[in-house]
Amino acid sequence: MHTTEWKTRLHLFEDDDGTTKARVVLDTGTTALTGHGTAHCHPADANVPEIGDELAAGRAMNDLAQQLLNIAERDIEGVGAPRPSTRQVTGWPM
């Protein structure tokens, strides 16, 4: 059985113009990957920092997820398996 623990750190930064930036760092013990995300508050909207945090963090995690999927695909090819033609989508079929 294989068990491991990967650690993540999420950093959020907001500036005075309503822009929130997020950086998520994944440390696998052998590799560190960094995802980035940004959210901008529209000038006509009320500045709600929690919404900016959620959007920027979600986008940073999405960036990190894409990196992990790309690495996994390269690793799969590295062991001789063909690259999948499309990514599998999880969830209930429509």
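Residues numbered from 1 in each chain as written. Predicted model: local features only at pLDDT ≥ 70, side-chain atom pairs only at ≥ 80, totals over all residues. Heavy atoms only, no water.

**Side note on the overall build of the protein chain**
In terms of helices and strands, the protein chain carries one helix and three strands. Secondary structure elements of the protein chain occur, N-terminal to C-terminal, as β-β-β-α. Looking at the protein chain residue by residue over its 94 residues, the buried ones come to 19%. (Helix = DSSP H or I, 4+ residues; strand = E, 2+ residues; numbered from the N terminus. Buried < 20%, exposed > 50% of the residue type's maximum accessible area, 1.4 Å probe, protein only.)

**Here's the deal with the sheet that holds strand E3 (residues 32-40)**
Taking strand neighbours across the sheet as the criterion, the three strands line up as E1-E2-E3 in an open arrangement whose pairing is antiparallel. Only two strands of the sheet have a single neighbouring strand rather than two, namely strand E1 (7-14) and E3. Looking at each pair of strands side by side, their axes are set apart by 15° on average, direction ignored. Where helix H1 (residues 49-78) meets the sheet, it contacts E1, strand E2 (19-27) and E3, and its direction lies at approximately 145° from that of E3. (Pairing = 2+ DSSP bridges. Axes fitted to C-alpha atoms, helices over the stretch in contact; angles between N-to-C directions. Contact = heavy atoms within 4.5 Å.)

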